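Architecture and fold: a report
So you can see what is in the structure, the chains are spelled out below.
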Amino acid sequence: MKEKLKLFSGTSNEPLARNVAGILHLPLGKSEIIQFDNSEVRVRVTEPVKDSVAVVIQTTSNPTNSSLMELFFFCDALKRGEAKRIVGVIPYFGYARQNIQHREGEAVSAHVIVRFLEAVGYDEIYVFDLHDEATGGIFSVPFKNLTALPLLASEVKKHLGKINRRDIAVVSADQGGVERGRIFGSAFFGTEDFPLVVAEKKRDLNTKHRSTALDLHGEVEGKTVIIVDDIVTSGGTLLDAVALCEKAGAKNIIAAIVHSDFSVKAPGRLQESPISAFFTTDTIRLARRQRFPKLREVSVAPLIAQEFQESIQ
Ligand code: R5P
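First, a word on scope: everything that follows refers to the structure included in this document. (Residues numbered from 1 in each chain as written. Predicted model: local features only at pLDDT ≥ 70, side-chain atom pairs only at ≥ 80, totals over all residues. Heavy atoms only, no water.)

In terms of nonpolar packing, the biggest core is built from 43 residues, with Val20, Val156, Phe184, Phe188, Ile226, Ile304 and Phe308 touching the most fellow members. Look past the residues within four positions of Phe308 in its chain and what remains in contact with it is Leu5, Leu24, Val55, Val87, Val89 and Tyr126. If you look at the next biggest cluster of nonpolar residues, it comprises 28 residues, including Ala173, Leu238, Leu239 and Ala255. (Core = buried A, V, L, I, M, F, W, Y, C linked by side-chain atoms within 4.5 Å. Buried < 20%, exposed > 50% of the residue type's maximum accessible area, 1.4 Å probe, protein only. Contact = heavy atoms within 4.5 Å.)

Here it is in structure tokens:
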């Protein structure tokens, strides 16, 4: 007999969770989440969960730390309610960029988050387009790194309409994103046989949000370029790649970025930039002030729902 599936949402991205629940024709589980004036968070699950498979959808974007606390406390509450299996869906996995000791003396924060998730009792974790896939290897519970890149590729394709593939270049925003560029391009062109252009950058590890564009490897002259990356925060990496492409003669520049983890000035910088369209997903809930005319958002809800469809049939 299949256990009952129950979906719960933290406060970080309730519209996405509602969307998933709608696709699965399930109600969102009842809970009460309170943030006290001293910034402490309290999570209470207010419906029976005994013997169920409980799925918690909670993205860990800004405010990252309280979003994480909700995620941890949800698991504890569900465990105390005797849920049989507890699954965490973390569409955007905060701290993923702190996955190694970039400099001596640093904490490896991503490692700490993984240990916490396991210690509180999550039985399984799903994320989207984790910054470094290798981080998945440090989970000792089942872990799945879903990707929204083919979804973005199909949206960009619709947007561009009929266009000769020789007039398009897929560009990885930095050397660390080559695999992402490959996944996007394979979905976009329908083949793995395409030249991937790479923008090379150097991050200044002593200054936050600062990097320098070094070089562009590949041909973009006269082409429509699609710059692919996992995350935009300040917009620095993307705009450096844009500048390199412009200098090399690109005629139209589009961005396809999974997670819009915007800093305050990023939306304005992107709107004012030479980018003609900025494609992103709803792994992070954007406030109205973070939306700008060039932004096109596509939902990952169907991809999440698909993962649980079988459990409710
Ligand atoms: C870094 O390697 C990531 O893939 C992104 O390129 C980077 O974190 C984006 O941050 P920002 O927009 O601040 O440059």
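The structure having been displayed, the exposition proceeds.
Let us look at the pattern of salt bridges. Under the definition given, this model contains 16 salt bridges. Note that Glu106 and Arg103 form a salt bridge whose closest N and O atoms lie 2.8 Å from each other. Given the relative accessible area of 34%, Arg103 is considered partly exposed. Here Glu118 and Arg115 are joined by a salt bridge, their closest N and O atoms 3.1 Å apart. Taken together, the positions of Glu118 and Arg115, both in helix α3 (residues 109–120) and 3 residues apart, correspond to about one turn of that helix. Residue classification places Arg115 among the partly exposed positions, given a relative accessible area of 31%. Each of Glu32, Arg42 and Arg44 takes part in salt bridges that share partners, so that together they form one network. (Salt bridge = Lys/Arg side-chain N within 4 Å of Asp/Glu carboxyl O. Helix = DSSP H or I, 4+ residues; strand = E, 2+ residues; numbered from the N terminus.)

Attention shifts here to the site of the ligand. Around the ligand, 16 residues are found, and the nearest of them are Arg97, Asp229, Asp230, Ser234 and Thr237. With respect to the ligand, the backbone of Gly235 contributes an N or O atom lying 2.8 Å from an oxygen atom. Separating an oxygen atom of the ligand from a side-chain N or O atom of Thr237 is a distance of 2.6 Å. Coverage of the ligand by the protein amounts to 93% of the 370 Å² it exposes when considered alone. Elements with a contribution of two residues or more to the shell around the ligand: β9 (196–203), β11 (224–232) and α6 (236–247). By residue number, the principal contributor to the shell around the ligand is β11, which donates 4 residues. For the shell around the ligand, a count of residues per class yields 2 nonpolar, 7 polar and 7 charged. (Near = heavy atom within 4 Å. Polar contact = N/O pair within 3.5 Å; in protein donor to acceptor, adjacent residues only side chain to side chain. Areas by Shrake-Rupley, 256 points an atom, 1.4 Å probe, with all protein chains shown as cover. Nonpolar A, V, L, I, M, F, W, Y, C, P; charged D, E, K, R; others polar.)

Attention shifts here to the sheet that holds strand β8 (residues 168–172). The strand order across the open sheet formed by 7 strands is β10-β9-β8-β11-β12-β13-β14, and the pairing between neighbours is mixed. Only two strands of the sheet have a single neighbouring strand rather than two, namely β10 (211–217) and β14 (295–298). Mean inter-strand twist for the sheet, computed between neighbouring axes without regard to direction, equals 25°. Examined bridge by bridge, strand β12 (residues 252–260) and strand β13 (residues 275–281) share 4 bridges and lie parallel to one another. Within β13, the position partnered with Ile253 by the bridge is Ile275. (Pairing = 2+ DSSP bridges. Axes fitted to C-alpha atoms, helices over the stretch in contact; angles between N-to-C directions.)

Taking strand neighbours across the sheet as the criterion, the 5 strands line up as β1-β4-β5-β6-β7 in an open arrangement whose pairing is parallel. Each edge of the open sheet carries a strand with a single partner, namely β1 (5–9) and β7 (143–146). Mean inter-strand twist for the sheet, computed between neighbouring axes without regard to direction, equals 20°. Pairing of β1 with strand β4 (residues 53–57), which is carried by 5 bridges, proceeds in the parallel orientation. Counted as the bridge partner of Phe8 is Val56 from β4. Along the sheet, helix α8 (residues 301–309) contacts β1, β4, β5 (85–90), β6 (124–128) and β7; its crossing angle with β6, the most-contacted strand, is approximately 155°.

Summed over the entire model, instances satisfying the criterion amount to 11 aromatic pairs. Ring plane angle 50° and centroid distance 6.0 Å describe the contact between Phe8 and Phe74, whose orientation is recorded as tilted. With a gap of 66 residues between them, Phe8 in strand β1 and Phe74 in helix α2 (residues 64–80) connect regions that are remote in the sequence. Its relative accessible area of 0% is what places Phe8 among the buried residues. Summarising the aromatic geometry, the rings of Phe139 and Phe143 are spaced 4.5 Å apart at their centres and angled 15° between planes, so their arrangement reads as stacked. Classification of Phe139 by relative accessible area gives buried; the value is 9%. Residue Phe143 is classed as partly exposed on the basis of its relative accessible area, which comes to 22%. Grouping aromatic residues by their ring pairs yields a cluster made of Phe184, Phe188, Phe189 and Phe194. The lysine or arginine in question, Lys157, covers the ring of Phe188, its NZ or CZ lying 5.8 Å from the ring centre. The ring of Phe189 has Arg165 sitting right over it, with the charged end atom 4.9 Å from the ring centre. (Phe/Tyr/Trp six-rings, centres within 6.5 Å; stacked < 30°, edge-to-face > 60°. Lys NZ or Arg CZ within 6 Å of the ring centre and 35° of its normal.)

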